[in-house]
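Topology and contacts: notes
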Amino acid sequence: MDTYENLLLNLQEGILTITINRADKMNALNIDTVREIKAAMQQVYDDAAIRGVIITGAGAKAFVAGADIAEIAELSEVNARNFAERGQEIFSMIEQCNKPVIAAVNGFALGGGCELAMACHMRVATTSAKFGQPEVNLGLIPGYGGTQRLPLLIGRGKAMEMMMTGDMITADEAKALGLVNHVVAPEELFTTCEAILQKIMGKAPLAIGLVIECINAVFDKEENGFQTEANSFARCCASEDFIEGTNAFLEKRKPAFKGL
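The rules behind each value
- Residues numbered from 1 in each chain as written.
- Predicted model: local features only at pLDDT ≥ 70, side-chain atom pairs only at ≥ 80, totals over all residues.
- Heavy atoms only, no water.
- UniProt positions renumbered as here; feature names shortened; annotations may be inferred.
- Helix = DSSP H or I, 4+ residues; strand = E, 2+ residues; numbered from the N terminus.
- Expected span 1.5 Å × (residues − 1).
- Buried < 20%, exposed > 50% of the residue type's maximum accessible area, 1.4 Å probe, protein only.
- Contact = heavy atoms within 4.5 Å.
- Core = buried A, V, L, I, M, F, W, Y, C linked by side-chain atoms within 4.5 Å.
- Pairing = 2+ DSSP bridges.
- Phe/Tyr/Trp six-rings, centres within 6.5 Å; stacked < 30°, edge-to-face > 60°.

Under an unreviewed UniProt entry, the protein has the name Enoyl-CoA hydratase/isomerase family protein and belongs to Pontibacter populi. Listed in UniProt under the heading Sequence similarities (unreviewed entry), the comment for the protein reads: "Belongs to the enoyl-CoA hydratase/isomerase family."

Here is the structure:
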């Protein structure tokens, strides 16, 4: 593992936990932290030993409580466009990753923090977690993909309300809306995330990656999702894992997938 100033990385049993380690700043996303998230995700892409990812925040108060307002306050129009595009590119790396990524939301997930959580494939939150896109309070809008992902997760009307009022919602409200998969006690957060990932990691890696690709295709206006599904189905049928999976089923044994 590389060393980072603002992240802590811990790899155990195939699961890489990435912790935003700026608890004194409520884990706010400054430019350096966003760059480090990109580097950490590149490690996820490159390292075959990593089979699943948990992203969380340090401390008990915040997952990520937003972006670094001092940095944003200095942006010009041109710099702001570049700032947003870089963040969107990095969060897309998370969304497009062919390994499962879960956000373990342990407190406030506001602004860029909510956007980071939404870029993950699933979200598990503690009972005390709060979600929101309060950028309008600063005369801004979300810039790291929030205006695009939030309506897809909770619907157009509620997304409009959240982003135009800037109001926060509780973890239970987020679950009812479909923003969160599970709400658990704080002491159960990581065991729940790890249990989900261990279950996924027992399946065929190629199939898992293609599930992610096909679901993402639903929301890609330039892609025919049905064709993506058909192509991916064919790829699975050409894999060694398909042969192993079908043989194991017929032989009534547990399959031993190799990702081939």
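Right, picking up where we left off after that structure.
Here helix α9 (residues 205-218) contains 14 residues, and its C-alpha end-to-end distance of 21 Å stays within 8% of the 20 Å for a straight helix at 1.5 Å per residue. The set of residues buried in α9 consists of Ile208, Gly209, Leu210, Ile212, Cys214, Asn216 and Ala217. Turning to α9, the residues buried within the fold contact α3 (77-96), α8 (189-201) and α10 (225-237).

A few words on the nonpolar core. Within the largest apolar cluster, 48 residues are counted, with the highest numbers of intra-cluster contacts made by Ile18, Met41, Ile55, Phe63, Ile94, Val105 and Phe131. With near-sequence residues (within four places) excluded, methionine 41 lies in contact with Ile18, Met93, Ile94, Cys97 and Val101.

Now for the environment of glutamate 244. Mapped onto the elements of the fold, glutamate 244 is located in helix α11 (residues 240-250). On the accessibility criterion, glutamate 244 (17% relative accessible area) is buried. As for glutamate 244 and leucine 260, which are separated by 16 residues in sequence, their C-alpha atoms are 10.0 Å apart.

Among the 5 residues of strand β5 (residues 101-105), 5 are classified as buried, and the element is accordingly described as predominantly covered. Neither face of β5 is exposed, since Val101, Ala103 and Val105 on one face and Ile102 and Ala104 on the opposite face are all buried. Across 3 bridges, the pairing between strand β3 (residues 52-57) and β5 is parallel. Looking across to β5, one finds that isoleucine 54 is bridged to isoleucine 102. Here 4 bridges tie β5 to strand β7 (residues 122-126), and the two strands are oriented parallel to one another. Counted as the bridge partner of valine 105 is alanine 125 from β7.

With that out of the way, let us pick up unusual backbone geometry. Phi at glutamate 13 takes a positive value of approximately 50 degrees, unusual for a residue other than glycine. By the secondary structure assignment, glutamate 13 is in the loop between β1 (7-12) and β2 (15-20). On the basis of relative accessible area, glutamate 13 is assigned to the exposed category, the value being 68%.

This paragraph deals with the packing of aromatic side chains. Both the distance between ring centres and the angle between the ring planes are used here to describe each pair of aromatic rings. Tallied over the entire structure, the rule returns 2 aromatic pairs. Residues phenylalanine 91 and tyrosine 144 carry aromatic rings whose centres are separated by 5.2 Å and whose planes lie at 75 degrees to one another, so their mutual orientation is edge-to-face. With a gap of 53 residues between them, phenylalanine 91 in helix α3 and tyrosine 144 in the loop between β8 (130-132) and α5 (146-154) connect regions that are remote in the sequence. For tyrosine 144, a relative accessible area of 6% corresponds to the buried category.

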